[in-house]
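Results of the structural survey
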Amino acid sequence: MSETKKENQEMPAVGEKEEMSAAEEIPVGEPGAESTSEAALAAAKEEAARHYDQYVRACADLENYRKRAQREKEDLARFANENLIREVLPVLDNLERAVEHASTEEEAAKGLLEGVRMTMDQFRKALAKFGVVPIEALGKPFDSAVHEAMGQIESADQPPNTVAQELQKGYLLNDRLLRPALVMVTRAAAKTSETENP
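The rules behind these values
- Residues numbered from 1 in each chain as written.
- Predicted model: local features only at pLDDT ≥ 70, side-chain atom pairs only at ≥ 80, totals over all residues.
- Heavy atoms only, no water.
- Helix = DSSP H or I, 4+ residues; strand = E, 2+ residues; numbered from the N terminus.
- Contact = heavy atoms within 4.5 Å.
- 1 Å grid on protein atoms, 1.4 Å probe; cavity = no way out; pocket = protein on both sides within 12 Å on 5 of 7 lines; lining within 4 Å.
- Points joined across faces, edges and corners; volume = space filled by probe spheres on them.
- Expected span 1.5 Å × (residues − 1).
- Buried < 20%, exposed > 50% of the residue type's maximum accessible area, 1.4 Å probe, protein only.

Let's shift gears to the environment of methionine 184. Among the secondary structure elements, methionine 184 is positioned in strand S6 (residues 181-188). Taking the C-alpha atoms as reference, methionine 184 lies 9.5 Å from histidine 147; in sequence the two are 37 residues apart. Excluding residues that lie within four positions of it along the chain, methionine 184 makes contacts with Met150, Gly151, Gln152, Ile153, Thr162, Val163, Ala164, Gln165 and Leu167.

Quick look at the structure:
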């Protein structure tokens, strides 16, 4: 009987056994419990940093969008009259041709010629208010960005690729090409070989 008494003392009761195992699994104040909370804290900090980075990027994208929209709005305002001006420029061309033609006529056309010149000047000033500027082409080196070559002329007086004649004026609208100048460009004069026969 003494042996069974010893066994009963060594073996705990069923409820006591469960309490002891639970206490062994999560002891209070041990480093294992702190490491899981530190890992959770580190994960939360990493997620917060990721969200902050996304927030900063979204703010930068929004600011870039605002700037781009403002630029597009300004360009639209600056170049809104482009189609209207394209339609008006041939009228100015015809006035210039009329002045050129009338200047070769007799004295009788002087009054008409002066009136057309005044109209042209007023027209140019009105276009200049909207940012339309003529392209100076005559005597300048050929530039394919603002000139359109209609042909070539042999010339010994000017260097090759120089604008010798302007057939139609070109225009810029707020420093952007509105219409290229139609020009004739010089080329080197053909060399004539002088050979004398004895």
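Here the idea is plain: a probe the size of a water molecule rolls over the atoms and shows the empty space left. In this structure, the largest pocket encloses a volume near 260 Å³. For the largest pocket, the full set of lining residues is Asp93, Glu96, Arg97, Glu100, Glu166, Leu167, Gln168 and Lys169. At the level of elements, helix H4 (82-102) and strand S3 (163-168) are the ones that each hand at least two residues to the lining of the largest pocket. With four residues, the top contributor of residues to the lining of the largest pocket is H4.

A separate point is helix H5 (residues 110-129). Across its 20 residues, H5 extends 29 Å between first and last C-alpha, which sits within 8% of the 28 Å expected from 1.5 Å per residue. Contact partners of the buried residues in H5: H4 and strand S1 (132-135). Looking at the residues trailing H5, positive phi occurs at glycine 131, about 90 degrees.

So, on to H4. Spanning 21 residues, H4 covers 31 Å between terminal C-alpha atoms, matching the ideal 30 Å at 1.5 Å per step. Listed in full, the buried residues belonging to H4 are Glu82, Ile85, Leu89, Leu92, Asp93, Leu95, Glu96, Val99 and Ala102.

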